[in-house]
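Chain residues, written in single-letter form:
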Amino acid sequence: MALAGLLLGVLSVPAQADGTRDFGRDTLPANDGWAAYGSGTTGGAAADAAHVFTVTDRAGLVRALDGGSDTPKIIKVAGTIGANTDDDGDRLDCSDYATDGYDLKKYLAAYDPRTWGAAKPSGPQEEARQASAARQAERIVLPVGSNTTLVGLGDSAVLKGASLQIKNADNVIVRNLDVRDAYDCFPVWQPNTGGLGDWKTAYDNIWLTGAGHVWVDHVTLSDKGHPDAKEPTYFARNYLRHDGLLDITGGSDLVTVSWSRFTGHDKAMLIGNGDTATGDRGKLRVTLHHNAFESVVQRAPRVRFGQVHVYNNRYEITGDDYRYSLGVSTESKIHAENNAFHAPGHVEVADLVKSWNGSALHQSGTLFNGFPVDLLAVYNAYNSGSERDLTSDVGWTPALHGRIDSAAAADRAVARGAGAGRIR
């Protein structure tokens, strides 16, 4: 039975028979951010032996996830698992998903703004794109249900090309995984986005919607393999293949993201996805601590509505396309303390913050290239007249958190310890 299970890519195993520490049984420590509120976050710690799995390929992972069931389960990822594979484990590429006559050249010709105009794409090529996209989604969208722990084994557990979706689920832990390149084969053209139009992609590496009590820890998230910067330009816009690295939307609540790396990406983290989503009021309570944001252009994070505690994070800004780190949007309540920013000469302190209909930002203990700065005062001084001043009163004070180190100490610790393969 054990050999048969291994050959199918999933092996039911007891908890760490060799006596080493079993990270799969770990639960979120008390007071470790918003996910510790109330009943806390235990993931699949209550799983019986029949629901502890080690998976080595997509087919095994899909079986272990059990369609996003609520059954307590611990799933351990061994090695590299590619989501763009068939049931036999053979690699699939975009041409394998294309159907109903979809062809990128024909799609571009059909919806060229110079001839199509500003209307939403419709007709045969858009219908073919949707059908093709649905075929890819069947392979790469992986639902993670309630009472689940998903953890990487060792220092090199990789989930490639997948979009982990924690949808309407509660009590989930994701740890020690390198989740990379949720690559969209079939972006859609949206003529009215941003004035000039833009390409819209479908997949986040990890997406929380309607989720509660979620702990994401020691995870690395990136586009590694297919960076958007190397994609072509169509209709004068970069042909984007990736959306967010970790988006928290749809009334999700009580989330802690710790000791993780967000790297080499445009839009890293969106918390709250719409100014009109007033149902998010009182939700979107998120803690971000000891994370590294490296070569991220924007959304680190961008927040609407939520009470978000951002402390002891490290930001390494590179490139000429940098836009901002902290996005202060409608009714957001960001409490930022003791974060360290490293930036090249063309980036100024005021650039670290961007506001859309925001009103407040609490900050303290900020370091910029090793020097203490009053981020709020500098932002208000530089943006006076162009954007309304932000006040420091966000209406709440974080109570659920571990020790808050100085920005300098946290900076060093995060550089050494954040990301997959560094869990101890």
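Residues numbered from 1 in each chain as written. Predicted model: local features only at pLDDT ≥ 70, side-chain atom pairs only at ≥ 80, totals over all residues. Heavy atoms only, no water.

If you look the protein chain up in an unreviewed UniProt entry, it shows as Pectate lyase from Streptomyces venetus. The heading Sequence similarities (unreviewed entry) in the UniProt record of the protein chain holds the text "Belongs to the polysaccharide lyase 1 family." (UniProt positions renumbered as here; feature names shortened; annotations may be inferred.)

Okay, the pattern of salt bridges next. Per the stated rule, a full pass over the model turns up 18 salt bridges. Between arginine 180 and aspartate 178 there is a salt bridge whose closest N-O contact spans 2.6 Å. For the pair arginine 180 and aspartate 178, a shared accessibility class is recorded, and that class is buried. Between arginine 281 and glutamate 331 there is a salt bridge, with its nearest N and O atoms 2.7 Å apart. Pair noted here: arginine 281 is in the loop between strand S21 (270–271) and strand S22 (286–289) and glutamate 331 is in the loop between strand S27 (326–328) and strand S28 (333–337), with a separation of 50 residues, a long-range link. (Salt bridge = Lys/Arg side-chain N within 4 Å of Asp/Glu carboxyl O. Buried < 20%, exposed > 50% of the residue type's maximum accessible area, 1.4 Å probe, protein only. Helix = DSSP H or I, 4+ residues; strand = E, 2+ residues; numbered from the N terminus.)

All right, on to the nonpolar core then. One finds Leu61, Ile166, Ile206, Leu208 and Phe262 to be the most contacted residues of the largest nonpolar core, which totals 86 residues. With sequence-adjacent residues up to four places away left out, leucine 61 is seen in contact with Val55, Ile75, Ile81, Leu142, Leu150 and Leu159. Counting six residues, the second-largest nonpolar core is a separate cluster that includes Trp34, Leu254, Ala360 and Trp396. (Core = buried A, V, L, I, M, F, W, Y, C linked by side-chain atoms within 4.5 Å. Contact = heavy atoms within 4.5 Å.)

This brings us to the UniProt feature "domain: Pectate lyase" (unreviewed entry) in the protein chain. Mapped onto the present numbering, the UniProt feature "domain: Pectate lyase" (unreviewed entry) falls on residues 99–347. Taken end to end, residues 99–347 is 11% helix and 40% strand, and its two terminal C-alpha atoms sit 45 Å from one another.

A ring pair, where both rings are aromatic, is described by two values, the distance of the centres and the angle of the planes. One pass over the full model with this rule turns up 16 aromatic pairs. Arranged with centres 5.2 Å apart and planes meeting at 85°, the rings of tyrosine 102 and phenylalanine 186 form a pair that is edge-to-face. Of the two residues, tyrosine 102 is situated in the loop between helix H3 (94–97) and helix H4 (104–110) and phenylalanine 186 in the loop between strand S10 (178–180) and strand S11 (188–190); the sequence distance between them amounts to 84 residues. When its relative accessible area of 3% is taken as the criterion, phenylalanine 186 is described as buried. Ring geometry for phenylalanine 293 and tyrosine 315: centres 4.9 Å apart, planes at 15°, overall stacked. In this pair, phenylalanine 293 sits in strand S23 (residues 292–298) while tyrosine 315 sits in strand S26 (residues 314–316), placing the two residues 22 residues apart along the sequence. The rings of Tyr102, Tyr107, Tyr111, Trp116, Phe186, Trp189, Trp199, Tyr234, Phe235 and Tyr239 are connected pair by pair, giving a single aromatic cluster. Positioned above the aromatic ring of tryptophan 34 is the side chain of arginine 285, whose terminal nitrogen or guanidinium carbon lies 5.2 Å from the ring centre. (Phe/Tyr/Trp six-rings, centres within 6.5 Å; stacked < 30°, edge-to-face > 60°. Lys NZ or Arg CZ within 6 Å of the ring centre and 35° of its normal.)

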